[in-house]
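Summary of structural features
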Amino acid sequence: MKKLLLFLPLLLFTTITAYAQQDTMLIHQRAILIDTHNDVLSNEQINHLDIGKLQTEGQLDLVRAKAGGLDGQVFSIWCGPEYGKGTAFRYANREIDSLYALINRYPDKIVLVRNSSELLKAVADKKFAALIGVEGGHMIEDRMDYIDSLHNRGMCYLTLTWNNSTSWATSAYEERFKHDSLKFHGLTDYGRQIVHHLNDLGVMIDLSHPSEQTFYDVLATTNKPVIASHSCAYALNPHQRNLKDAQLKALAKNGGVVFVNFYSGFVDSTYAKKAAVFRHKHKAQLDSLINIYHDEDLANDRLYALYRAESNEVRPPLSLLIKHIDYIAKLIGVDHVGIGSDFDGAESYPQGMDDVTDYPKITAALLRLGYSEKDIDKILGGNFIRVLKANTGK
Ligand SMILES: [Zn+2]
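Throughout what follows, the structure given in this document is the object of discussion. (Residues numbered from 1 in each chain as written. Predicted model: local features only at pLDDT ≥ 70, side-chain atom pairs only at ≥ 80, totals over all residues. Heavy atoms only, no water.)

**A few points about the pairing of strand β2 (residues 72-77)**
Worth spelling out the cut-off: The classification of residues rests on relative accessible area computed with a 1.4 Å probe and restricted to protein chains. Under 20% of the type maximum is buried, over 50% is exposed, and intermediate values are partly exposed. Only DSSP runs of H or I covering at least 4 residues are called helices, and only runs of E covering at least 2 are called strands; the numbering of each starts at the N terminus. The criterion for strand pairing is that DSSP finds at least two bridges linking the strands in question.
Most of β2 is tucked away, with 6 of its 6 residues classed as buried. Side chains of β2 alternate between two faces, with G72, V74 and S76 and Q73, F75 and I77 buried alike. Looking at chain direction, strand β1 (residues 34-38) and β2 are connected through 3 bridges and run parallel. Across the sheet, I34 pairs through a bridge with G72, a residue of β2. With 6 bridges joining them, β2 and strand β4 (residues 128-135) adopt parallel strand pairing. Bridging from a neighbouring strand, V74 pairs with L131 of β4.

What follows is the structure, given as C-alpha cells:
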C-alpha cells in the first residue's frame, strides 16, 4: 500500500501528460492546417524527389504531411534573379508543370485548389490541398498577360519582389544593401496598376520580400487584404525580412495576415553570427560542396546534414519561434497571424522543427501559453482561409 502511495503521484502525472498529449493531437488534427510557404518545387528541379512518397530528405512529402496534420500547402514558385526577360516566366511555368505532374501522379491524394471553397472541399474529401504562390515579381517579366496566365494556372498569391527589385517595386534586400543605386523607392505607377490588376483577379498580394516603402505604397493602393507569406517580427529580430511593429499594425488594419517563418536566421538575431562561425570552420568542405551542387543553399544544407550535432548547436530553441507567433498575436490580434514555414527553403530551423511532422509541437506550445482551441484554429489555417476568401470572393 505504502509502495502504491509512493507511485501514485508519478502515475497521476504520467496519466495527465498522456491525456494532454492526446488532447493536443486531437485539437491539432481537427484544425485545418495550411502552410503558406514551402520551396520543395524549386528543389525538385534539382533533386527529383517524388514527394508523393515518403522521403528521407527535405521537409515535406504527402506521407509526412498526414502525420503532421498538414492539410494544405502553398507551393512556392521561385527562380533567382539570374532569370530575367525571356526565361523567368518560362521557369516559373516549369515548376508549375512539376506540381501538375505530381497531382496527375496522385489524383486520389492531392488536388489543386484556387479558392477557399475548393480548399474546404479538398479537406472534406481528405485530399491534400495544393496552392500556388509565385515568389518574385520578376517572373511576370513586366507583362500583365503573364499575370493572367499564372492566375489561370492557379497562382493564389504573388510576392511582389523576391530579394531582387523589379522595374516597378523595390525589395527589402535592395533597399537595405543597394539603397543609393536604386532609381526609385517603393511602388511605381505601373506597380500600382499591377496591384489593381491582382485585386481584380483575386490574387493575394504577398509583402514578405518587398521593401518597407513598397509595403506602405501597396497598403495605400490595394482594396483587398494582403499577406506576408513568410516573415517574422522585427522587434524580436531586426532583419530586413521581418516586419516592424508599425507594419504589423498597418497589416492588421488592412485585414491582412502575417505567416510566421521558421528559418533560424529570421527567428533568432544571434543565428547569423553563429552560422558564419560554423561555415568558416568547414569552409574547405563547403567550397567543394558548392562545386558539386552549383548551388550555395543546397551545399549549405548538405554541410548542416554532415555535421548534424554541431549544426544543431547553432539552431535557436523552438520557444523562440513560438515567441514570434505569440508576440504578433498579442500586438495585432490572433486574427492576423499564421504559419509560413519556409520549409525546404532554408538550411536551418529551430530545434525540434525538423520537418512537417513537427507542427503539432506548435499547437502544444500555444495550448501551454493559454491559447484556446478557437485561437489555434485561426492561427493554423482559419486566418489563411479568411484572407483567401476575401481576395477570391469564394
Ligand atoms: Zn522567400
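On we go.
**Notes on the nonpolar core**
To keep it simple, the criterion reads: Remark: nonpolar core denotes a set of buried residues (Ala, Val, Leu, Ile, Met, Phe, Trp, Tyr, Cys) joined through side-chain atoms within 4.5 Å. The contact criterion used is simple: two residues touch if any of their non-hydrogen atoms lie within 4.5 Å.
Counting 96 residues, the largest nonpolar core has F75, L99, L160, F262, I339, Y359 and I362 as the members making the most contacts within it. Among residues more than four places away in sequence, those in contact with F262 are V267, L321, I339, G340, S341, F343, S348, Y349, P350, M353, Y359 and I362.

**Considerations on the environment of V334**
When you line up the elements, V334 lands in the loop between α16 (318-332) and β9 (337-339). Overall, the relative accessible area of 16% leaves V334 in the buried class. Through-space distance from the C-alpha of V334 to that of D375 is 6.4 Å; in sequence the pair is 41 residues apart. Setting aside residues up to four positions removed in sequence, V334 forms contacts with A329, Y371, D375, K378, I379 and N383.

**Section: the state of the cysteines**
What we call a disulfide is simply a covalent bond connecting the sulfur atoms of a pair of cysteines. Cut-off, in case you're wondering: Counting rule for disulfides: a pair of cysteine sulfur atoms within 2.5 Å.
Counted by the stated rule, this structure contains 0 disulfides. Free cysteine: C156, not disulfide-bonded; nearest cysteine sulfur from C79 at 18 Å. Assessed through its relative accessible area of 2%, C156 is described here as buried.

**Observations regarding the coordination of the zinc ion**
Applied cut-off: The rule for donors is simple: an N, O or S atom within 2.8 Å of the metal counts, and for Na, K and Ca the reach is 3.2 Å. Water is not among the atoms, so a site may look short of donors.
The protein atoms that coordinate the zinc ion are E135 (OE), H209 (NE2) and H230 (NE2), at distances spanning 1.9 to 2.2 Å. Each donor residue of the zinc ion belongs to the same chain, with the gaps between them written as E-x73-H-x20-H. Taken as a pair, E135 in strand β4 and H230 in strand β7 (residues 227-231) lie far apart in primary sequence, 95 residues in all. Here E135 falls in the buried class, since its relative accessible area comes to 4%.

**Overview of the environment of F75**
Secondary-structure assignment places F75 in strand β2. For F75, a relative accessible area of 0% gives the class buried. Separated by 33 residues in the primary sequence, F75 and S42 place their C-alpha atoms 9.2 Å from one another. With near-sequence residues (within four places) excluded, F75 lies in contact with N38, V40, L41, I51, L60, L99, F128, A130, L131, I132 and G133.

**A word on the packing of helix α4 (residues 88-105) against helix α6 (residues 144-152)**
Which entries qualify depends on this criterion: Here an axis means a line fitted to C-alpha atoms, over the contact stretch when the element is a helix, while the angle between two N-to-C directions is reported on a 0 to 180 degree scale. Under this scheme an angle from 65 to 115 degrees is roughly perpendicular, one under 35 degrees roughly parallel, and one over 145 degrees roughly antiparallel; angles in between are oblique. When residue character is reported, Ala, Val, Leu, Ile, Met, Phe, Trp, Tyr, Cys and Pro are called nonpolar, Asp, Glu, Lys and Arg charged, and the others, Gly included, polar.
Running from N to C, α4 and α6 cross one another at 5°; their axes reach a closest spacing of 11 Å. On the basis of the axis angle, α4 is roughly parallel to α6. In this structure, α4 contributes F89, N93 and I96 to the contact, and α6 contributes Y146, S149 and L150. Of the residues contributing to the contact of α4 with α6, the split by class is 4 nonpolar, 2 polar and no charged.

**Structural notes on helix α9 (residues 212-221)**
Where α9 is concerned, the buried positions are T214, F215, D217, V218, L219 and T221. The elements touched by buried residues of α9 are α8 (189-201), β6 (204-206) and α10 (245-253).

**Details of the packing of aromatic side chains**
Aromatic ring pairs are reported here in terms of the distance separating the ring centres and the angle at which the planes meet. Put simply, the rule reads: Only rings of Phe, Tyr and Trp enter the pairing, Trp through its six-membered ring, and a pair is recorded when the two centres are within 6.5 Å. The plane angle decides the type: under 30 degrees is stacked, over 60 is edge-to-face, the rest tilted. Both a distance and an angle decide whether a charge sits over a ring: NZ of Lys or CZ of Arg must be within 6 Å of the ring centre and within 35 degrees of the ring normal.
A complete count under the given rule lists 15 aromatic pairs for this structure. Geometrically, the ring pair formed by W78 and W162 is edge-to-face, given 5.0 Å between the ring centres and 65° between the ring planes. With W78 in the loop between β2 and α4 and W162 in the loop between β5 (155-159) and α7 (172-177), the pair connects residues that are 84 residues apart, well separated along the chain. The exposure class of W78 is partly exposed, given its relative accessible area of 23%. Here Y83 and Y91 contribute two aromatic rings whose centre-to-centre distance is 4.5 Å and whose plane-to-plane angle is 40°, an arrangement assigned as tilted. Accessibility expressed as a relative area gives 12% for Y91, which makes it buried. Its end group placed over the ring of Y234, K244 keeps NZ or CZ at 5.1 Å from the ring centre.

**Brief notes about unusual backbone geometry**
A positive phi is found at K126, a non-glycine position, where the angle reads about 60°. With respect to the helices, strands and loops of the structure, K126 is situated in the loop between α5 (116-124) and β4. The backbone of E141 sits at a positive phi, close to 50°, despite the residue not being glycine. With respect to the secondary-structure elements, E141 resides in the loop between β4 and α6. Relative accessible area serves as the criterion here: at 9%, E141 is assigned to the buried category.

**Regarding the pattern of salt bridges**
Applied cut-off: For this analysis, a salt bridge means a side-chain nitrogen from Lys or Arg found within 4 Å of a carboxyl oxygen belonging to Asp or Glu.
This structure, assessed with the given rule, holds 20 salt bridges. Between D125 and K121 there is a salt bridge, with its nearest N and O atoms 2.6 Å apart. With a shortest N-O distance of 2.8 Å, K378 and D335 are connected by a salt bridge. Residue K378 is found in helix α18 (residues 373-392), and its partner D335 is found in the loop between α16 and β9; the two are separated by 43 residues along the sequence.

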